[in-house]
Amino acid sequence: MEPVADAFTAFSTTDGAQAPVMVPHVADGGDSHIKAAHLPGGRHFLVKIANWLPGNQTRGMPEGGGFVALFDAATGAVTTVLEDEHHLSDLRTAAGAVCARALPRPYAIRATVLGTGRQAGLQTSALTLVRPVRQLRLWDRDHRRATALADRLGRELPHVDVTTVTDPERAVRRSDIVVTATASPTPILFGPWLRPGQHITALGADAPAERELDGACLRRATPVIVDNRELALRYGDIHTVVARGEVTADRIDGGPDRAEGH
């Protein structure tokens, strides 16, 4: 978690920092996230390819795959290749707990997670490292998946009361922290469900056609903080609501290209 927090800070405060992204769409509704990163003066730069093909479920293969390559910034020589099969991408995304450490109110002990995939489990585990979560509610459109994740997290987090819910609105209204971790093409969290003082970590919508939050969520939120302002305006929830005129781009906190925090 600390290296990710340091990277967010460096990216937001270093002139000339670069983190370009390209997302070609591939078979079965999948995509390939090709990402690079470089800080001026750094000894290395990095390129990551993280593939996600949901159709692999029917083939008995992992949905995620890819590798990370590290290059010498002076010569361009390859110094390291990590064939991590999406593992590092998963862990880096789970460090969404960095913002859950910085932004919620100190007494935040009740959390609801919408979604039950790998990221939902990792986000939950990371969240318990930074906040004294005592009650956790899990929801998914497929209640069987929610039950399976609740059983596993109940064993891994014995100090947390973990249960499933079938009514996400009721769970959200009673929560201090809400995490959305889905690939939904339509909103699953709605502004009228929210109350003052809540914190939302929204991480699932990373493509133009995906969204988890409706426009009312983003209109009510103060502030809206992103890790990369330029990319947020191209992908996911913020892209959609700004394109539709539901929220103006100046509501998104951060500098012209980079956020001031996470």
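Here, the structure is the one placed above.
Residues numbered from 1 in each chain as written. Predicted model: local features only at pLDDT ≥ 70, side-chain atom pairs only at ≥ 80, totals over all residues. Heavy atoms only, no water.

Asks: Can you explain helix α5 (residues 143-156)? Please cite residues and give values.
Replies: Taking 1.5 Å per residue, 14 residues should reach 20 Å; α5 reaches 20 Å between its end C-alpha atoms and fits that length. Taken as a whole, α5 has its buried residues at Ala146, Leu149, Ala150 and Leu153. Relative to the axis of α5, the buried residues are bounded by an arc of 105° and lie together on one face. In this structure, α5 carries Arg144 and Arg155 as exposed residues pointing more than 90 degrees from its buried face. (Helix = DSSP H or I, 4+ residues; strand = E, 2+ residues; numbered from the N terminus. Expected span 1.5 Å × (residues − 1). Buried < 20%, exposed > 50% of the residue type's maximum accessible area, 1.4 Å probe, protein only. Arc of directions from axis to C-beta.)

Asks: Please provide a residue-by-residue account of unusual backbone geometry, values included.
Replies: Backbone torsion omega between threonine 222 and proline 223 reads 0°, so that peptide bond is classified as cis. Here proline 223 lies in the loop between α7 (215-220) and β11 (224-225). At glutamate 85, a residue that is not glycine, the phi angle is positive and equals roughly 55°. Structurally, the position occupied by glutamate 85 is in the loop between β5 (78-82) and α2 (87-94). Glutamate 85 sits in the partly exposed class, given a relative accessible area of 43%.

Asks: Quick one: what's the story with the pattern of salt bridges, residue by residue and with numbers?
Replies: When the charged atoms of two side chains lie near each other, side chains of opposite charge can form a pair. Counted according to the given criterion, the structure contains 10 salt bridges. Among the salt bridges present, the one from arginine 101 reaches glutamate 2, with a minimum N-O distance of 2.7 Å. One end of the pair, arginine 101, is in helix α3 (residues 97-102); the other, glutamate 2, is in helix α1 (residues 2-13), and 99 residues separate them in sequence. On the basis of relative accessibility, which here comes to 43%, the residue glutamate 2 falls in the partly exposed class. Here arginine 137 ties to aspartate 161 by a salt bridge, and the two come within 3.4 Å at their closest N and O atoms. Linking arginine 137 in strand β7 (residues 135-139) with aspartate 161 in strand β8 (residues 161-164), this pair joins segments that are 24 residues apart in sequence. (Salt bridge = Lys/Arg side-chain N within 4 Å of Asp/Glu carboxyl O.)

Asks: Quick one: what's the story with the state of the cysteines, residue by residue and with numbers?
Replies: Counted under the stated rule, the structure contains zero disulfides. Counting only cysteine sulfurs, cysteine 217 is the nearest neighbor of cysteine 99, a cysteine outside any disulfide, at a range of 15 Å. Residue cysteine 99 is classed as buried on the basis of its relative accessible area, which comes to 6%. Look at cysteine 217 and you get buried, because its relative accessible area is 2%. (Disulfide = S-S within 2.5 Å.)

Asks: Which residues make up the side chain of glutamate 210, and what are the values?
Replies: Following the sequence through the fold, glutamate 210 ends up in the loop between β10 (199-202) and α7. We note that glutamate 210 is buried and unpaired, the nearest opposite charge coming from lysine 35 at a distance of 11 Å. Glutamate 210 has contacts with Ala183, Ser184, Pro185, Gly204, Ala205, Gly236, Asp237 and Thr240, leaving out every residue within four places of it along the chain. (Lys, Arg positive; Asp, Glu negative; His and termini not counted. Contact = heavy atoms within 4.5 Å.)

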